[in-house]
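Observations on chain architecture
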Amino acid sequence: MLKSLLVHIPTERLARPVIDGAVSLAIARSLHVEAVSIGLESSDVGLVVEAGGAAATAAFAATQERAQAQADAALAVFETEARVAGISYKTTALTGLPYEAAAAIGHLSRLHDMSVVLQPEPDRVTFDNDIPLEVLFQSGGPVLFIPYTHKGPLGSKRVGIAWDGSRLAARAVRDAAPFLSAASSITIVTVNEAKEGAPPQALAASLARRGLASAVQHIDCGRRDIQPALLSIAADEAFDLIVMGGYGHSRLQERILGGVTRGMMQSMTVPALMSH
């Protein structure tokens, strides 16, 4: 059961898609939302320490002030929309160096039922691109990725499940239970069906025991074509949401995603609920 969301509001990217998504979800399900934004402090400040104590103190104060202003400005946009919508919310502004900030938002995400983040933008190098992956790997719960091209409220009537019988796929299905129970259409999609793990027909039977009807689609293709095939089916079936496992591992200095997960991050066309 969903009761609370954590939503990351970017400071260096367009935040409207993730704000609209989180607010519409809160309205639809009467959820409490904690919006968090991060102002990144510069690691170059330490270089001025040699210039003397007063100079170092002034430099640290200036970078902290800039970071705080960034976070506050991003949260002000969210707060305007949250007030108009009349949802329950709080805002949290964080500042710090990259490692500190990533750890802080990871800790926060563990206190909520689900996190909502913006799809990383592949052609830009920004700390706002790193945070969604850190949340995925640190939160211990489901993460809803909103495409940066998304506009307006979220829909969840037509749901697709990317199923390979694995532990992560099974966890994603469990985490998506609130969305599945309210869906008008559920499609289980398998690509190059594995010989190990529960087959899609077994998942369909499991869903049926919960009163949820589903269809099964199976396709065969090369490994490099799996993610495009999933998105092609998503377009054909007009999915509002894709449910899938989030494969890979992460440290702040090293993020390695599974091929399909990486492809989805780069080319996401519909919101995706991922569990790691």
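Details of the structure are given in the entry above.
Here the structure is a predicted model, which means the values were calculated and not measured.

Of regular secondary structure, the chain possesses nine helices and 12 strands. Here the chain, with 276 residues, has 50% of them falling under the buried criterion. Long-range contacts, defined here as pairs at least 24 residues apart, represent 79% of the contacts in the chain between residues at least 6 apart. Split by element, the accessible area of the chain, about 12,700 Å² in all, is 52% carbon and sulfur.

Here we come to the packing of aromatic side chains. Any two aromatic rings considered together are summarised by their centre-to-centre distance and by the angle between their planes. Within the structure shown, the criterion is met by one aromatic pair. On the numbers, 5.8 Å between centres and 80 degrees between planes, the contact of phenylalanine 78 with tyrosine 89 is edge-to-face. Highlighted residues: phenylalanine 78 in helix H2 (residues 53–85) and tyrosine 89 in strand E3 (residues 88–96), separated in sequence by 11 residues. Lying across the ring of phenylalanine 179, arginine 29 places its NZ or CZ 4.8 Å from the centre.

With that settled, consider the sheet that holds strand E9 (residues 241–245). The 10 strands lie next to each other as E3-E2-E1-E4-E5-E12-E9-E6-E7-E8, forming an open sheet whose pairing is mixed. In this open sheet, the two edge strands, each paired with only one partner strand, are E3 and strand E8 (215–219). Neighbouring strand axes in the sheet, compared pairwise and without regard to direction, differ in orientation by 25 degrees on average. Bridge analysis of strand E1 (residues 4–8) against strand E4 (residues 114–118) gives three bridges, and the strand direction is parallel.

The contact between helix H3 (residues 98–109) and helix H4 (residues 127–138) brings their axes to 9 Å, and the two run at 45 degrees. Classed by the angle they form, the pair H3 and H4 counts as oblique. Considering the relative orientation of H3 and H4, their crossing is right-handed. Across from Pro98, Ala101, Ala102, Ala103, Ile105, Gly106 and Ser109 in H3, the residues of H4 making contact are Phe127, Ile131, Glu134, Val135 and Gln138. Within the contact of H3 with H4, the residues separate by chemical class into eight nonpolar, three polar and one charged.

Another point: the pattern of salt bridges. All told, the structure shown has six salt bridges when counted by the stated rule. Arginine 16 is paired through a salt bridge with aspartate 20; the nearest N and O atoms lie 3.5 Å apart. With arginine 16 and aspartate 20 both in helix H1 (residues 16–29), this residue pair falls four residues apart, about one helical turn. Taken together, the shared-partner salt bridges connect Arg16, Asp20 and Glu81 into one network.

Counted by the stated rule, this structure contains one cavity of 30 Å³ or more. Size it by volume and the largest cavity reaches roughly 40 Å³. What lines the largest cavity is Gly160, Ile161, Ala162, Val189, Leu230, Phe239 and Ile242. Grouping the constituent residues of the lining of the largest cavity by class yields six nonpolar, one polar and no charged.

Core analysis: the biggest nonpolar cluster contains 44 residues, and Ile9, Phe78 and Ile161 have the highest contact counts within it. Top contributing element to this core by residue count: H1, with six residues. Setting aside residues no more than four positions away along its own chain, phenylalanine 78 makes contact with Val7, Ile9, Ile19, Val23, Val33, Ala35, Ile87, Tyr89 and Thr91.

When you line up the elements, threonine 187 lands in strand E7 (residues 185–191). With a relative accessible area of 4%, threonine 187 lands in the buried category.

Its location among the elements puts alanine 235 in helix H8 (residues 226–236). For alanine 235 and threonine 269, which are 34 residues apart along the polypeptide, the C-alpha to C-alpha distance reads 8.4 Å.

Before going further, it helps to examine H4. Taking 1.5 Å per residue, 12 residues should reach 16 Å; H4 reaches 16 Å between its end C-alpha atoms and fits that length. The complete set of buried residues in H4 reads Phe127, Asp128, Asn129, Ile131, Pro132, Leu133, Glu134, Val135, Leu136, Phe137 and Gln138. Taken from the residues just after H4, glycine 140 is the one with a positive phi, measuring 75 degrees.

A few words now on unusual backbone geometry. Within the chain, serine 30 stands out as a residue other than glycine whose phi angle is a positive 55 degrees. For serine 30, the position within the fold is in the loop between H1 and strand E2 (32–40). Of the residues examined, serine 30 reaches a relative accessible area of 65% and is grouped as exposed. One non-glycine residue with positive phi stands out, namely alanine 238, at about 55 degrees. Structurally, alanine 238 can be placed in the loop between H8 and E9.

The rules we used
- Residues numbered from 1 in each chain as written.
- Predicted model: local features only at pLDDT ≥ 70, side-chain atom pairs only at ≥ 80, totals over all residues.
- Heavy atoms only, no water.
- Helix = DSSP H or I, 4+ residues; strand = E, 2+ residues; numbered from the N terminus.
- Buried < 20%, exposed > 50% of the residue type's maximum accessible area, 1.4 Å probe, protein only.
- Contact = heavy atoms within 4.5 Å.
- Areas by Shrake-Rupley, 256 points an atom, 1.4 Å probe, with all protein chains shown as cover.
- Phe/Tyr/Trp six-rings, centres within 6.5 Å; stacked < 30°, edge-to-face > 60°.
- Lys NZ or Arg CZ within 6 Å of the ring centre and 35° of its normal.
- Pairing = 2+ DSSP bridges.
- Axes fitted to C-alpha atoms, helices over the stretch in contact; angles between N-to-C directions.
- Parallel < 35°, antiparallel > 145°, perpendicular 65-115°, else oblique.
- Left-handed = near helix turned anticlockwise from the far one by under 90°.
- Nonpolar A, V, L, I, M, F, W, Y, C, P; charged D, E, K, R; others polar.
- Salt bridge = Lys/Arg side-chain N within 4 Å of Asp/Glu carboxyl O.
- 1 Å grid on protein atoms, 1.4 Å probe; cavity = no way out; pocket = protein on both sides within 12 Å on 5 of 7 lines; lining within 4 Å.
- Points joined across faces, edges and corners; volume = space filled by probe spheres on them.
- Core = buried A, V, L, I, M, F, W, Y, C linked by side-chain atoms within 4.5 Å.
- Expected span 1.5 Å × (residues − 1).

Read these as layout, nothing more, since geometry by itself doesn't imply function.
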